[in-house]
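Descriptive structure summary
The lines below spell out each chain.
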Amino acid sequence: MTTPNAADAVPTPVGTVKAVSSNPEYSFAKPNRGRIRLLAGLGVEGDVHAGVTVKHRSRVARDPSQPNLRQVHLMHDELHEELRTEGHPVEAGQLGENITTRGVDLLGLPTGTLLRIGPEAVVEVTGLRNPCGQINGFSDGLLKRLTPRDADGNVVRLGGIMGIVRTGGDIAPGDPIVVELPALPHTPLAPV
């Protein structure tokens, strides 16, 4: 997915950051910010979900010593557009994501993909977000829309992806996103 520039072999961005969001308190939505800072091995500085071990309440209840594979939540703005046309008034950050993207097929990325965002930050993709019932409190029927079933009856998760911070750095709207796929064979994303 990385597109080399023939003149200098520098990867060309495939997408951009539409918005960045964080919240120091447990809340479904995350307010948009002018910028966020990613901290290596932790997540988004000042965000309630930052940390080496799990911070999502359901996972803490099961085993608080689990590694935090959900340090950063990314969602594509193209999904927000679809949802708005279907009557769900969704804007960046309102579904709990930290980074809203444009132009990147987030759900099609394999596990282990590196996202180089802005001048320094690197996020490693760990898996799919597993939306919970709270999402219906935002807009009735939204959970069903984000977790449809395929022809075989398997749940398809459309609520974005999760990642861990490999290299820290500041991220702001308009920053480029470069995608680096892992070595073959690729492992499809699964819920984390």
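As a starting point, this report considers the structure included with it. Keep in mind that what you see is a predicted model, and the values were worked out from it rather than measured.

All right, on to the overall build of the protein then. Scanning the protein from terminus to terminus reveals four helices and 13 strands. The C-alpha radius of gyration computed for the protein amounts to 16 Å, which stays within 12% of the reference 16 Å derived for 192 residues, consistent with globular compactness. For the protein, the spread of C-alpha atoms along the three principal axes comes to 50 × 35 × 35 Å. In the protein, once contacts between residues fewer than 6 apart in sequence are set aside, the share between residues at least 24 apart is 67%. With the model as given, the accessible surface of the protein reaches about 9,100 Å², and the carbon-plus-sulfur share is 53%. Counting 19 positive and 21 negative side-chain charges, the protein places the averaged centre of each group 6 Å from the other.

Of all seven residues in strand β3 (residues 15-21), five are buried, a share of seventy percent or more. Note that β3 and strand β4 (residues 32-33) share two bridges and pair antiparallel. The residue bridging V20 from the neighbouring strand is R33, located in β4.

Attention now goes to the pairing of strand β13 (residues 176-180). Looking down a regular strand, the side chains alternate between one sheet face and the other. Sheet analysis places β3 next to β13, joined by two bridges and oriented antiparallel. Within β13, the residue paired with G15 across the bridge is I177. Pairing of strand β9 (residues 114-117) with β13, which is carried by four bridges, proceeds in the antiparallel orientation. In the sheet register, L115 faces β13, and the bridge partner there is V179.

What counts as what
- Each chain carries its own residue numbering, running from 1 in the written order of its sequence.
- In keeping with the predicted nature of the model, local features appear solely for residues at pLDDT of at least 70, side-chain atom pairs appear and are counted solely at 80 or more, and the whole-chain, interface and lining totals rest on all residues.
- Values reported for side chains reflect all heavy atoms of the structure, with hydrogen atoms and water molecules removed beforehand.
- Secondary structure elements are defined from DSSP: runs of H or I of at least 4 residues count as helices, runs of E of at least 2 residues count as strands, and each element is numbered from the N terminus.
- Note on method: radius of gyration uses C-alpha positions; expected globular size equals 2.2 Å times residues raised to 0.38.
- Here, residues are in contact when the closest pair of their heavy atoms is within 4.5 Å.
- We get accessible surface area from the Shrake-Rupley algorithm with a probe of 1.4 Å; when it comes to residues, only the shown protein chains can shield them.
- By the counting scheme adopted, Arg and Lys are positive, Glu and Asp are negative, and His together with the chain ends is not counted.
- Charge positions come from single atoms, namely NZ of Lys, CZ of Arg, CG of Asp or CD of Glu.
- Exposed residues in this analysis have more than 50% of their type's maximum accessible area, buried residues have under 20%, and partly exposed residues fall in between, with area computed by a 1.4 Å probe over protein chains only.
- DSSP bridges decide pairing: two strands pair if at least two such bridges lie between them.

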